[in-house]
Amino acid sequence: MSKQAEIGNLGEVVPESASDDVVMGEKQGTSRDVEDMKRMGKEQLFKRNFGFLSIFGFAMILMQTWQALLGTIAFGLGNGGTAGLIYLYIIVVVFFTMVNISMAEMASMAPTAGGQYHWISEFAPRSQQKLLSFIVGWLCTLGWQSGVSIGCFLAATEIQGLIVLNNDSYVYERWHGTLLTIAIVLFVAFFNTFLAKHLPLVEGMVLCLHVGGFICILVPLWVLGPRGNSHEIWTVFEDGGGWGSTGLATLVGIITPATAFLGADAAVHMAEELRNASKTLPKVMIWTSIVNGALGFIMLITFCYTLGDLDSVLSTPTGYPFIQVFYNATGSKGGATAMSCILVLSAVANGMTNMATASRQLFAFARDKGLPFHTWFATVGSRFEIPVNAVLFTVAFSVLFSLVNIGSTVAFNQILSLGVAALLSSYFISIACVTWRRLAHQPLLDRVFDLGRFGIPVNFAALAFLLLAFVMSFFPGAAHPTPQTMNWSSLAYGAVIIIGGIYYVFWARHHYVGPVEYVRKSA
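Residues numbered from 1 in each chain as written. Predicted model: local features only at pLDDT ≥ 70, side-chain atom pairs only at ≥ 80, totals over all residues. Heavy atoms only, no water.

A. Up close: the confidence of the model for the chain. The pLDDT averaged across the chain works out to 85; a share of 92% of its residues lies at or above 70. Mean pLDDT across the secondary structure elements of the chain bottoms out at strand 1 (residues 2-4), with 38, and peaks at helix 20 (residues 455-472), with 94. Low confidence marks residues 1-18, where pLDDT is under 50. Its contacts with residues over four positions away, or in another chain, come to 39 contacts. (pLDDT = per-residue confidence, 0-100. Helix = DSSP H or I, 4+ residues; strand = E, 2+ residues; numbered from the N terminus. Contact = heavy atoms within 4.5 Å.)

In structure tokens form, the structure reads like this:
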């Protein structure tokens, strides 16, 4: 007896044999998982202890759209104002969903921890697959490694903001934030190493925090917060960066909603620890986009209506407008602290899931000999059954990265935007490769989730949006920047490409062949 895939009606539904869901064991997963790993020429090294609910919680908290919006909203409010932020958010949700749908189809074809660089290796023109997949592997490694610092840094500086709120004598020091960041990095590393087997359970609990915390913040703002003027909120655009054009200022502010919607591919990098991955991954990626998109929109509208005076909120001594808005709404430091702690806990959970994703992506790229010391990075110990060495490197990278904040918070934030650009470019190149195959009428791999006739328009919409977001990610926060306020991520991005290129020319091109070669050998 046969059944059909249970994923929407965006494209064609591919028949699926009931035997594909037969569980072969805790480590092997289902028969479909076994076949996918065999086709890709990969050895099953991890236990497949994630199911739909746990990986859904994992993806939801890593994307954490409504929390990320509140944590980075100052940039969007200064560039575009409430009107610009609302309309841009709607645009970002629509087009980023096209991006995530495109990647969901590729995940259904090749559910591997490698993600984008593996897909490019399989879908790019034969003459280009080796170089393109290598470059994207480097960019994904950079993007996810720097991403670990984002969640931990947000949690650390939000704690500092709460100290400022509750202690008038506290002097805000950057090195305090760095020490807190390092402490949180070490905590999430401990969990990812010694308690890794409990990660699926924790992700289910964090999903409850994600939804329950949303309600606990929304209700006080609705009941106690001030009410803004609808005409001003929906029609007044701000050019706080001095660009001379509200249109350009609004486009610069696209980074706030784009960053909040980044990371749907996180679940992909856990594919080799997920049961029935080729079927479950597309569901998770699509539902994460829908649910997080809806929660983020409701929170954004609520925040804009209860914002109060924009200038005073942006100049809050806490460093975070949401803390000031919570305090203004409740009139209570205790109430504002309790509401803010939800975001602190969410940021810590984000760092936890980010470290798991970053270490698995690092492991996968090293397994394909794309990194120096690849044998060491690709080692999976029998005691913990996780890539411990990859976790240790992620910890070291995050700690060293956080030291930049001691010199300049602006520099730290702008270097972190490098990770956004790296992931956006990896999405663009991978979707471009599958689009090329469609236009060239080249066959695609078998998949449970198939976009069918919608494939080309969905892929083109995703590519157009990614190109715009990628360019805007290199803009500074204000016009006429000084060396201290300039966005140097473009320089860092170029430096990473150059370093990767040098490594490729002198070593990797002789050893790195790309994942598709392992597929051919296993055929």
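B. The arrangement of the side chain of Asn 350 in detail. The residue Asn 350 is located in helix 15 (residues 333-367) in this model. Asn 350 gets classed as buried once you look at its relative accessible area, which sits at 5%. Here Leu 62 takes part through its backbone oxygen, which lies 2.8 Å from a polar atom of the side chain of Asn 350. Ignoring anything within four residues of it in the chain, the contact list for Asn 350 reads Ile 61, Leu 62, Gln 64 and Gly 151. (Buried < 20%, exposed > 50% of the residue type's maximum accessible area, 1.4 Å probe, protein only. Polar contact = N/O pair within 3.5 Å; in protein donor to acceptor, adjacent residues only side chain to side chain.)

C. Here's a closer look at the side chain of Arg 437. Mapping Arg 437 onto the fold places it in helix 19 (residues 409-439). No salt bridge is formed by the buried Arg 437, whose closest oppositely charged neighbour, Glu 122, lies at an N-O distance of 8.0 Å. Of note is the side chain of Arg 437, whose polar atom sits 2.9 Å from the backbone oxygen of Pro 443. When near neighbours in sequence (up to four residues on either side) are disregarded, Arg 437 contacts Glu 122, Phe 123, Gln 442, Pro 443 and Leu 444. (Lys, Arg positive; Asp, Glu negative; His and termini not counted. Salt bridge = Lys/Arg side-chain N within 4 Å of Asp/Glu carboxyl O.)

D. Geometry of the pattern of salt bridges. Within this structure, the stated rule accounts for 7 salt bridges. Residues Glu 105 and Arg 447 are paired through a salt bridge, measuring 3.2 Å at the closest nitrogen-oxygen approach. Highlighted residues: Glu 105 in helix 4 (residues 81-109) and Arg 447 in the loop between helix 19 and helix 20, separated in sequence by 342 residues. Judged by its relative accessible area of 14%, Arg 447 falls in the buried class. One salt-bridge network, held together by shared partners, links Glu 105, Arg 438, Arg 447 and Asp 450.

E. View of the nonpolar core. Formed by 157 residues in total, the largest nonpolar core has its most connected members in Phe 58, Trp 66, Phe 96, Val 99, Ile 217 and Phe 326. Per-element tally for this core: the top contributor is helix 15, with 17 residues. The residues touching Phe 58, leaving out its near neighbours within four places in the chain, are Phe 50, Leu 199, Glu 203, Ala 266, Met 270, Thr 353, Ala 356 and Thr 357. (Core = buried A, V, L, I, M, F, W, Y, C linked by side-chain atoms within 4.5 Å.)

F. Up close: unusual backbone geometry. Although it is not a glycine, Gln 64 sits at a positive phi angle of roughly 30°. Here Gln 64 is to be found in the loop between helix 2 (52-63) and helix 3 (65-78). Positive phi outside glycine occurs at His 441, with the angle close to 55°. Looking at the element boundaries, His 441 is found in the loop between helix 19 and helix 20. The class of His 441 is exposed, set by a relative accessible area of 73%.

G. Fine view of the packing of aromatic side chains. In this structure the tally under the stated criterion is 30 aromatic pairs. Centre to centre, the rings of Phe 393 and Phe 397 are 6.2 Å apart; their planes meet at 40°, and the pair counts as tilted. Note that Phe 393 and Phe 397 are positioned in helix 17 (residues 388-402) at a spacing of 4 residues, about one turn of the helix. Judged by its relative accessible area of 31%, Phe 393 falls in the partly exposed class. (Phe/Tyr/Trp six-rings, centres within 6.5 Å; stacked < 30°, edge-to-face > 60°.)

H. Representation of helix 7 (residues 174-194). Its 21 residues give helix 7 an end-to-end C-alpha distance of 30 Å, which sits within 8% of 30 Å, the value for a rise of 1.5 Å per residue. Of all the residues in helix 7, the buried ones are Gly 177, Thr 178, Thr 181, Ile 182, Ile 184, Val 185, Val 188, Ala 189, Phe 191, Asn 192 and Thr 193. Of the surrounding secondary structure, the elements contacted by the buried residues of helix 7 are helix 6 (129-166), helix 8 (199-224), helix 15, helix 17 and helix 18 (404-407). (Expected span 1.5 Å × (residues − 1).)

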